[in-house]
Amino acid sequence: MENRGRSLTFHPLDPLSAVEFTAAVAVLARERGVADGWRFTSIELVEPSRSAVAGFAATGAVPDRRARLVVLNRAENTTWVGVVSLTTDALFEWDTVPGMQANFTVDEWEEADAALRAHPDVIAALARRGITDLDLVFIDTWTYGDAVIPDRYRGRRLGWSDVWVRASTEANPYAGPVSGLHFVLDVNSMELLEVEDSFTVEPPAGMGEYVPHLVPRRIRDRSERPTLTPLDIVQPDGPSFTLDGNLVQWQNWSLRVGFNYREGMTLHTVGYRDGGRVRPIANRLSFAEMVVPYRDPSVDHFRRTAFDVGEWGLGFMTTSLELGCDCLGEIRYLDAVLHNSKGEPYSIPNAFCIHEEDNAVLWKHVDHNGSAEVRRMRRLVVSFHVTVANYEYLVYWRFYQDGNMECEVRATGIMVVTHLDEGQPHPNGTLVDTRTYAPFHQHFIVARMDLDVDGPENTVFRTETQVEPISAANPLGLALTQQNTPIETEGFDDYNWDTQRAWKVVNENLLNGLGTPVSYKLVPGGAIPSFFDRSAPALQRAQVIGHTVWVTPNDETERWPCGEFVNQSAVDHGLPEWIQAGRPVRNADVVLWYVFGIHHITRPEEWPIMAVDTVSFWLKPVGFFDRNPSLDVEPRPAHCAPDEHAQHAHDADHHDH
C-alpha cells in the first residue's frame, strides 16, 4: 500500500492518483457498505501539514496519505463525510452532516437531462410549443438556494431546469431559449415534481450562431477582415523552465501545481531564490468560491444564482487544453485525475498548461548621451480552463522576473438570454438580438491566499494615500503621505478609490538591507461592490461578496468562504461565522481572502459568443528585495541595438529643444 499510485517524483502535495481514488472508494465500500444507491460527490487529498511537508523535504519521511470523501445516500437524502488512510487502508472518520446537501455532480446533471426529455409531461409541454424533435432539445439543471425552494418540496435534493432548443443538431443551444418553461425535479430519484409553464413567446428571427459554417452568408459576406499572416513562437532550445513531477522552476521562481475537484488548480510552496536560498512567498493559492448572481427577478431568472466552486467544482469543470488554440508556444502540460459519482477515476489530459511568454519591455532607459539599456520581459504562465455550462473561465497565474505575480481570469462563452414580445420592457438586461435580452449579472471570485512572506508569521497592513492639507510646510498642496495601519483582529475591509487602498502582507520580524520590513502588496483589480440590499437572500448565503478583503488566521478547516455545503443553503456558514471569534491576526499565520470579479452589464457585442472579459490582481514585492531584482536579466540581443537612423533622429530632436 505504501507505493500506491506513487510516481518516481512523488511529493506529499501531489494530487490523488487513479489508483488512490479506487482505493479510497474500496475502503468505504468495505467498511460502510457505500455502493449502489450512493453517490461519491467528492474525493480529495487531505493535504499534509506544513511541518509534515517540511519533514519530507528534510528527511524523506512520507506523511500518512489520506483522502476525504463526501458521499450521498440517495434513498435517505443524507450527506456523509469519511476520511480514509491510503497508507494503512483504514477508515479514520465517518460522520453524517445533518441538513446539508452535497455538491451537485456531472452525472446528476446528465441524468436529469435524460430523465426529463423522456418524461411524457415534458414531451407534452414541449409539444404544446411546437417542439417535437427531442434531439434538438437541451435541458440544463441548476441548483436551488433555500429562499426560493417551494415549501412543498423542502427536505428533498432539488434541481430546476432551463429548456433550450437548437436550430439544428450542430447549432448553438443557448440561442434558442424556451422562455417561460421550467421543470422542478428531485435529483435523488429523478422524479419530475412540477412543470412550470408560465408564459410563451413566439421565437424571434434572431441570429445566435457562432460556428463559421452556421453563420448566415449575409453576415459572413459583410466581413472585411484581412487574413492574418503566420505568427510563430519558437524556442529551438526548448523552454527555460523545468518540470519535475508537479514542481515548476523558472528564473528564480519555484512552485508546485496541485489539483482537486473543487478549486481546480492550486499552487503550493511558491518561492523566489535570492541570495543563495529560496525565500517563501506563498504557502498555498487557490480560488475558494465563485458566486454568480443574476440580477433579474423575472420568472426565467429569479432562481439563477450559481456557486460555481461550491455547488459544481472547478475541478469537475476543467477541460483539456489544445496546442495552438488554448496555449501557444513551447508548451508543457500536466494531466489531472478525477472521479465520477460512482467513485470511478478518469483522466483529464492536458489539464494545465505551462509556458513562457514574451511581454514587451521589462525595463529601459535611453541616456542623453545616446547610450541605451533595454531588457525584454519574459514571464512564466501556469493556466487552466473550466467550462461551467454556458460560461468559460480561463485562469492564468503569471510570474515575472522582477518578483511580481499576477492572477488573471478571462470570462468567455455564451450569455444566457430570454425572448421577449414586441415592445416588452427589459429593465434588468440588454437587448442583444431581435426580441432577445441578456440579463445583467455578476461574477464574484474569491481568492484564498495563504501567504508566507519570508515565513508564516505575517501581518496584513491596510495601506492608503493621504492628502496633506495646505499649510506653511505644504504651501502648494503637493504633499502626499502613505498611511499603513496593521489589522490586529480578524475581519473584513473594503476598497476605497479615494485613498487608493491596498493591502500589504508584512513580515515584521525580518528587515531588508534598507532596514524596513519585507512585504508583498495586494494590488486590487476588479474590486466591485455587491449592489445587494443587506437583507437579500442571495447575499445572506454569500456574505463574502459584501466586502473586498477578509483576513483570518490560517485554519485548515476553514477553506470555503461561504461554508462547505452551499447547495440549497440559506445562510453563509463561512467567513462571517468564523470571524465572530475575534482571533488575533498580528504576527500570525494568516489567510488573505480577496473578492474580485466582473460587473457584467451585458452588450450586443458579446452576442452570440462573448470575447473575453478580463479581470486581474497583482501581488507585488514591497521591500522584499533591496533593489530591482531584475537587474541581472540578460542584456538585449545584438539585433535589438538602436539603428543609426533612430540615433540621428534623437540627436536632432535634442538640438531642436
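Just so it is clear, the model here is predicted, and its values are computed rather than measured.

The rules behind these values
Residues numbered from 1 in each chain as written. Predicted model: local features only at pLDDT ≥ 70, side-chain atom pairs only at ≥ 80, totals over all residues. Heavy atoms only, no water. Helix = DSSP H or I, 4+ residues; strand = E, 2+ residues; numbered from the N terminus. Rg over C-alpha atoms; globule rule 2.2 N^0.38 Å. Buried < 20%, exposed > 50% of the residue type's maximum accessible area, 1.4 Å probe, protein only. Contact = heavy atoms within 4.5 Å. Areas by Shrake-Rupley, 256 points an atom, 1.4 Å probe, with all protein chains shown as cover. Lys, Arg positive; Asp, Glu negative; His and termini not counted. Charge placed at Lys NZ, Arg CZ, Asp CG, Glu CD. Pairing = 2+ DSSP bridges. Axes fitted to C-alpha atoms, helices over the stretch in contact; angles between N-to-C directions. Polar contact = N/O pair within 3.5 Å; in protein donor to acceptor, adjacent residues only side chain to side chain. Core = buried A, V, L, I, M, F, W, Y, C linked by side-chain atoms within 4.5 Å. UniProt positions renumbered as here; feature names shortened; annotations may be inferred.

1. Focus on the overall build of the protein chain
When helices and strands are counted, the protein chain shows nine helices and 31 strands. What you see for the protein chain is a C-alpha radius of gyration of 27 Å, in line with the 26 Å of a compact globule of 657 residues. When the backbone C-alpha atoms are referred to their principal axes, the protein chain occupies close to 85 × 65 × 60 Å. Counting over 657 residues, the protein chain shows a buried share of 51%. Taking contacts inside the protein chain between residues at least 6 apart in sequence as the whole, the part at least 24 apart equals 66%. For the protein chain, the accessible surface area stands at approximately 29400 Å², while carbon and sulfur atoms represent 52% of it. Taking the average place of the 56 positive charges on the side chains of the protein chain and the average place of its 92 negative ones, the gap between the two points comes to 1 Å.

2. A few points about the sheet that holds strand β1 (residues 38–46)
Sheet strands pair via backbone hydrogen bonds, and the direction of the pair is either parallel or antiparallel. Pairing in this open sheet of four strands is antiparallel, and the strands run β1-β2-β3-β4 from one edge to the other. Here the strands that pair on one side only, and so sit at the sheet edges, are β1 and β4 (90–96). Geometrically, the sheet is characterised by an average inter-axis angle of 20° between neighbouring strands, direction not taken into account. In this structure, strand β2 (residues 66–73) lies alongside strand β3 (residues 78–85), joined through eight bridges in antiparallel fashion. In the sheet register, R68 faces β3, and the bridge partner there is V83. Relative to the sheet, helix α1 (residues 18–32) contacts β1, β2, β3 and β4, its axis offset from that of β4 by approximately 70°.

3. A few points about the side chain of N507
Structurally, the position occupied by N507 is in strand β27 (residues 502–511). Among the polar contacts listed, one links the side chain of N507 to the backbone oxygen of V453, at a separation of 2.9 Å. Here the side chain of N507 touches D454 through a polar contact of 3.0 Å, landing on its backbone oxygen.

4. So, the environment of T412
Relative to the assigned elements, T412 resides in strand β19 (residues 405–413). Spatially, the C-alpha atom of T412 lies 8.9 Å from that of N390, the residues being 22 residues apart in sequence. A distance of 2.5 Å separates a polar side-chain atom of T412 from the backbone oxygen of M610.

5. Points about the nonpolar core
Grouped together as the largest cluster of nonpolar side chains are 127 residues, with contacts concentrated most on L267, F287, W397, F399, M449 and F617. Those residues within four positions of M449 in sequence are excluded, and the remaining contacts are R284, L285, L522, V590, V591, L592, Y594, F617 and L619.

6. A word on the UniProt feature "domain: AGAO-like N2" (unreviewed entry) in the protein chain
UniProt records the feature "domain: AGAO-like N2" (unreviewed entry) at residues 18–90, using the numbering of this structure. Secondary structure over residues 18–90 splits into 34% helix and 36% strand, and the C-alpha atoms at its two ends are 18 Å apart.

7. Focus: the sheet that holds strand β6 (residues 158–165)
Pairing is antiparallel across the open sheet formed by four strands, whose spatial order is β5-β6-β7-β8. One side of each edge strand has no neighbouring strand; the edge strands of this open sheet are β5 (137–142) and β8 (191–197). Recorded for the sheet is a direction-independent mean angle of 25° between the axes of neighbouring strands. The strands touched by helix α3 (residues 106–117) within the sheet are β5, β6, β7 (181–186) and β8, with β5 carrying the most contacts at an inclination of about 130°. Across the sheet, helix α4 (residues 120–128) lies against β5, β6, β7 and β8, angled at about 15° from β8, the strand it touches most.

8. Here's the deal with the UniProt feature "domain: Copper amine oxidase catalytic" (unreviewed entry) in the protein chain
What UniProt calls "domain: Copper amine oxidase catalytic" (unreviewed entry) maps, in this numbering, to residues 232–631. Secondary structure content for residues 232–631 is 3% helix and 50% strand, and the end C-alpha separation is 29 Å.

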